[in-house]
Amino acid sequence: MARAWEDKIRKVEPYTPGEQPKDESVIKLNTNENPYGVSPEVKKMAESLEMDILRKYPDPKAEELVKALADYHKVDESQVFVGVGSDDVLGMCFMTFFNSDKPILFPNITYSFYPVWAEMLRIPFKTIDLKPDFTIDINDYKQDNGGIVIANPNAPTAIYLDKAEIRILLEANKDSIVIVDEAYIDFAEDGASVLDLVDEFDNLIVVRTYSKSRSMAGLRIGYAISNKEIIKYLNDVKYSYNSYTMNYPSIKLGSAVIADEDYFRSVLAKIKNTREWFVSQIKEMGYIVLPSSANFVFASPAGISAKEVFEAAKENGIYFRYFNSPGIDNYLRITIGTDAEMERVVEFLKTL
Ligand SMILES: *Cc1c(COP(=O)(O)O)cnc(C)c1O
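On a predicted model such as this, the values are computed, not experimentally measured, just so you know.

Calculation criteria
- Residues numbered from 1 in each chain as written.
- Predicted model: local features only at pLDDT ≥ 70, side-chain atom pairs only at ≥ 80, totals over all residues.
- Heavy atoms only, no water.
- Pairing = 2+ DSSP bridges.
- Helix = DSSP H or I, 4+ residues; strand = E, 2+ residues; numbered from the N terminus.
- Buried < 20%, exposed > 50% of the residue type's maximum accessible area, 1.4 Å probe, protein only.
- Arc of directions from axis to C-beta.
- Contact = heavy atoms within 4.5 Å.
- Polar contact = N/O pair within 3.5 Å; in protein donor to acceptor, adjacent residues only side chain to side chain.
- Right-handed = clockwise from strand over helix to strand, strands pointing away.
- Core = buried A, V, L, I, M, F, W, Y, C linked by side-chain atoms within 4.5 Å.
- Near = heavy atom within 4 Å.
- Areas by Shrake-Rupley, 256 points an atom, 1.4 Å probe, with all protein chains shown as cover.
- Nonpolar A, V, L, I, M, F, W, Y, C, P; charged D, E, K, R; others polar.
- Axes fitted to C-alpha atoms, helices over the stretch in contact; angles between N-to-C directions.
- Parallel < 35°, antiparallel > 145°, perpendicular 65-115°, else oblique.
- Left-handed = near helix turned anticlockwise from the far one by under 90°.

### Overview of the sheet that holds strand β13 (residues 332-335)
And then number 1: Reading across the sheet, the four strands line up as β9-β10-β13-β12 and stay open at both edges, with antiparallel pairing between neighbours. In this open sheet, the two edge strands, each paired with only one partner strand, are β9 (288-289) and β12 (321-322).
And then number 2: Sheet topology note: the β12/β13 ladder contains two bridges and is antiparallel. Among the inter-strand pairings, Tyr 322 is bridged to a residue of β13, identified as Leu 332.

This is the structure we're talking about:
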């Protein structure tokens, strides 16, 4: 029997994160983590962290981290907002900026957390079909809306939407906040980011994460860059909810990692090389592979269903991500691991 308090509850359909198996021998290509660890500089910094400081609250403004990011991206500190992973930053953005009766817009195939936040926060939303080739047609976003979210490169397709297209989208939507989720932008070409457009468009928010390119998913760091008015609105909501989002180790290590640009560049280059090799290998096996600008590929096998490949791989200790959703249910999302891992994956796929 239903209890009386049940109808007072906020009932939600939660996001399903990728599995995190305990078994260390698994080749884990299901959550787009970076296979290479953090730089030696960061390890050194980790050893010097002061444990006694943990009795105190951390800096609520995370100033050291904000400054490191502002310097790195050549923006003012007032233009940077940090949070507990970009999921936290994006959730805060939804809460702060999507507050109208008009629907927010995002593609129907994109990061599957967007509809979850919208539902949880009671934000009306409308999804827009991708084109048959899985690309975004920005003309579809020239309609009345309460805001727009675009992941670029998109997930799980890995396809990059040209900066010139985003500019047109921004021009056409000057009365709405446009969030560009650049979780994977470091794996795209140099200059692919729309970060430099935040000076030109006061409605643009760019969101980034440490979880993929910076090999630090475990620390939970994400950030937004925009103009200082937008960042002030975000901070007002944040300080109305939880003042101390960034913990001391995250502030310290998150700042330290920024300094090691050479290591960062070398890791990105390795992953991109491995990606090109892997794509050529599976294309030879007849796979359809969407053009990837990310650290994963979205691919459809030939002569066997994606679900069968997913299950057989799992049996063999190789984890991919499979989405049982219309339009993408014959695709696998495969994170790019180390060369050795990807060689084993290719060998395995050949056996099917
Ligand atoms: C991984 C991912 C995020 C979230 O990353 P965090 O670990 O919370 O920083 C956000 N958006 C997209 C598109 C992602 O793939």
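### Digging into helix α6 (residues 228-238)
And then number 1: Taken residue by residue, α6 has Ile 230, Ile 231, Leu 234 and Lys 238 as its buried positions. In an axial view of α6, the angular spread of the buried residues amounts to 95°, which keeps them on one side of the axis. The outward face of α6, more than 90 degrees from its buried face, is lined by the exposed residues Lys 228, Lys 232 and Tyr 233.
And then number 2: Of the surrounding elements, those touching the buried residues of α6 are β2 (80-83), α3 (85-97), β7 (204-209) and β8 (222-225).
And then number 3: N-cap assignment for α6: the residue whose side-chain oxygen lies 3.2 Å from the backbone N of Glu 229 is Asn 227.

### Description of the pairing of strand β6 (residues 178-181)
And then number 1: Burial along β6 is two-sided: Val 178 and Val 180 facing one way and Ile 179 and Asp 181 facing the other are all buried.
And then number 2: One ladder, built from four bridges, connects strand β5 (residues 147-151) with β6; its direction is parallel. Bridge assignment links Ile 148 to a residue of β6, and that residue is Val 178.
And then number 3: A crossover connection joins β5 to the parallel β6 through helix α5 (residues 163-172); in handedness this β-α-β unit is right-handed.
And then number 4: Two elements, β6 and β7, share four bridges in a ladder whose sense is parallel. Bridge pairing links Val 178 to Leu 204 in β7.

### A few points about the pairing of β13
And then number 1: Of the two faces of β13, the one holding Leu 332 and Ile 334 and the one holding Arg 333 and Thr 335 are both buried throughout.
And then number 2: Of the pairings in the sheet, the one linking strand β10 (residues 296-300) to β13 comprises four bridges and is antiparallel in character. The residue of β13 that forms the bridge with Phe 296 is Thr 335.

### A closer look at the nonpolar core
And then number 1: One finds Leu 65, Val 82, Leu 204 and Tyr 210 to be the most contacted residues of the largest nonpolar core, which totals 52 residues.
And then number 2: When contributions to this core are tallied by element, the ones reaching two or more residues are α2 (63-73), β2, β5, α5, β6, β7, β8 and α7 (248-259).
And then number 3: Look past the residues within four positions of Val 82 in its chain and what remains in contact with it is Ala 62, Leu 65, Val 66, Leu 69, Val 89, Gly 222, Tyr 223, Thr 245 and Met 246.
And then number 4: One finds Phe 264, Ile 271, Ile 334 and Leu 349 within the second-largest nonpolar core, a separate group that totals 36 residues.

### Some points on the site of the ligand
And then number 1: Gly 85, Ser 86, Asp 87, Leu 90, Tyr 111, Asp 181, Ala 183, Tyr 184, Thr 209, Ser 211, Lys 212 and Arg 220 make up every residue found near the ligand.
And then number 2: Within the backbone of Ser 86, a nitrogen or oxygen atom sits 2.6 Å from an oxygen atom of the ligand.
And then number 3: Measuring from a nitrogen atom of the ligand, one finds a side-chain N or O atom of Asp 181 at 2.7 Å.
And then number 4: When isolated, the ligand has an accessible area of 390 Å², and the protein chains bury 92% of it.
And then number 5: At four residues, α3 tops the list of elements feeding residues into the shell around the ligand.
And then number 6: Residues belonging to the shell around the ligand are distributed by class as follows: four nonpolar, four polar and four charged.

### A short note on the sheet that holds β7
Either a parallel or an antiparallel arrangement is found when strands of a sheet pair, and the pairing is made through backbone hydrogen bonds.
And then number 1: Read across the sheet, seven strands follow the order β2-β8-β7-β6-β5-β3-β4 without closing on themselves; strand pairing throughout is mixed. Taken across any chain shown, the strands that pair with only one partner, and hence form the sheet edges, are β2 and β4 (125-128). Here the strands of the sheet are splayed against their neighbours by 20° on average, with no regard to which way each runs.
And then number 2: For β2 and β8, the ladder comprises four bridges, and the chain directions are antiparallel. Looking across to β8, one finds that Phe 81 is bridged to Ala 224.
And then number 3: Against the sheet, α5 engages β5, β6 and β7, with an angle of about 160° to β6.

### What to know about the packing of α3 against helix α4 (residues 113-120)
And then number 1: Look at α3 against α4: their axes get within 10 Å of each other, and the N-to-C directions meet at 45°. With respect to their mutual orientation, α3 and α4 come out oblique. The crossing of α3 and α4 is right-handed. In contact with Asp 87, Leu 90, Gly 91 and Phe 94 of α3, α4 contributes Phe 113, Tyr 114, Trp 117 and Ala 118.
And then number 2: Its residues placed into classes, the contact of α3 with α4 shows six nonpolar, one polar and one charged.

### Description of the environment of Ser 325
And then number 1: Following the sequence through the fold, Ser 325 ends up in the loop between β12 and β13.
And then number 2: When the C-alpha positions of Ser 325 and Ile 109 are compared, they lie 9.2 Å apart, and in sequence the two are 216 residues distant.

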